[in-house]
Amino acid sequence: MNAMNKMNSINNYLKAEFDSISINESLARGIAAFFILPLNPKVDAVADVKTAVSEAVTNAIIHGYRYEDGPVIMELRLDGRLLTVTVRDSGIGIEDVERARQPLFTTQPEAERSGMGFTVMESFMDSLDVESAPGKGTVVTMRKRL
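This text gives an overview of the structure that appears in the document. What you are looking at is a predicted structure, and each value in this text was computed from that prediction instead of being measured.

**A few points about the overall build of the chain**
- Scanning the chain from N- to C-terminus turns up five helices and five strands.
- Shown N-terminal to C-terminal, the secondary structure of the chain runs as helices and strands in the order α-β-α-α-β-β-α-α-β-β.
- Buried residues in the chain amount to 46% of all 146 residues.
- In the chain, the proportion of contacts linking residues at least 24 apart, taken out of those at least 6 apart, comes to 66%.

Rendered as structure tokens:
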């Protein structure tokens, strides 16, 4: 396999755990962007990944923990050119995932939340899976072929 093919077919894994504070949303965006750089992705693809990661981490902080302390775990995996991003919290969980995925649905209208987080993640990534239960936290898994 020549050097160019090796760069286009990277297998890699990273796990990061950080506190559920707002400043760590930008940390997560940066980690994700740097993680995929060896693939030499298009600028638009990097922006898409950063936006989706931002939404997932922000949801964990704002909705999962309601601004309380707790760990947010982000896992990044490259299988060739397929990126899988998992963002996990052990917060309050989501009672009705299907309802929460509907555009404009928010549990915090008083906080002027737009209710578009899952819609944004879904529009910037190739797939989005959400697993959650009340009191059990939430796991968001997103995939994108770069």
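Moving on from the coordinates now.
**Here we look at the environment of E122**
- Secondary-structure assignment places E122 in helix α5 (residues 117-124).
- Remark: the alpha-carbon pair of E122 and R143, spanning 21 residues in sequence, is separated by 9.5 Å.
- Contacts of E122, omitting those with residues within four sequence positions, involve R101 and L128.

**Things to note about the packing of helix α2 (residues 23-36) against helix α3 (residues 43-64)**
- Packing of α2 against α3 brings their axes to within 9 Å, and their N-to-C directions diverge by 145°. Crossing of α2 against α3: the hand is right-handed. Contacts between α2 and α3 involve N24, E25, A28, R29, A32, A33 and I36 on the former and, on the latter, V46, V49, K50, T51, V53, S54, V57 and T58.
- Of the residues belonging to the contact of α2 with α3, the class tally is eight nonpolar, four polar and three charged.

**Details of the pairing of strand β3 (residues 82-89)**
- Judged by how many residues are buried, β3 sits mostly within the fold: six of eight residues are covered.
- Here strand β2 (residues 71-80) runs beside β3; their pairing, made up of eight bridges, is antiparallel. Considered in β3, the bridge of V72 is made with D89.
- Hairpin connection between β2 and β3: a loop of one residue separates the two successive antiparallel strands.

**Section: a negative patch on the surface**
- Taken together, E17, D19, E68 and D69 make up a surface patch of like negative charges.
- We classify E68 as exposed; its relative accessible area is 53%.

**Side note on α5**
- Within the span of α5, buried status applies to G117, F118, V120 and M121. For α5, the buried positions fall inside an angular range of 160° around the axis, keeping them on one side.
- Buried positions along α5 lie against α3, α4 (97-100), β4 (127-133) and β5 (137-145).

**Considerations on the sheet that holds β4**
- Read across the open sheet, the five strands follow the order β1-β2-β3-β5-β4; overall the sheet is antiparallel. Unpaired on one side and paired on the other, β1 (10-19) and β4 mark the two borders of the sheet. Neighbouring strand axes in the sheet, compared pairwise and without regard to direction, differ in orientation by 10° on average.
- Relative to β5, β3 runs antiparallel, the two being bridged by eight bridges. If you follow D89 over to β5, its bridge partner there is T138.
- Strand contacts of α2: β1, β2 and β3, with the helix running at about 170° to β1, the strand carrying the most contacts.

Rules of the game
Residues numbered from 1 in each chain as written. Predicted model: local features only at pLDDT ≥ 70, side-chain atom pairs only at ≥ 80, totals over all residues. Heavy atoms only, no water. Helix = DSSP H or I, 4+ residues; strand = E, 2+ residues; numbered from the N terminus. Buried < 20%, exposed > 50% of the residue type's maximum accessible area, 1.4 Å probe, protein only. Contact = heavy atoms within 4.5 Å. Axes fitted to C-alpha atoms, helices over the stretch in contact; angles between N-to-C directions. Left-handed = near helix turned anticlockwise from the far one by under 90°. Nonpolar A, V, L, I, M, F, W, Y, C, P; charged D, E, K, R; others polar. Pairing = 2+ DSSP bridges. Patch = residues over 30% accessible without salt bridge, like charges linked within 9 Å, V, L, I, M, F, W, Y side chains within 5 Å. Areas by Shrake-Rupley, 256 points an atom, 1.4 Å probe, with all protein chains shown as cover. Salt bridge = Lys/Arg side-chain N within 4 Å of Asp/Glu carboxyl O. Lys, Arg positive; Asp, Glu negative; His and termini not counted. Charge placed at Lys NZ, Arg CZ, Asp CG, Glu CD. Arc of directions from axis to C-beta.

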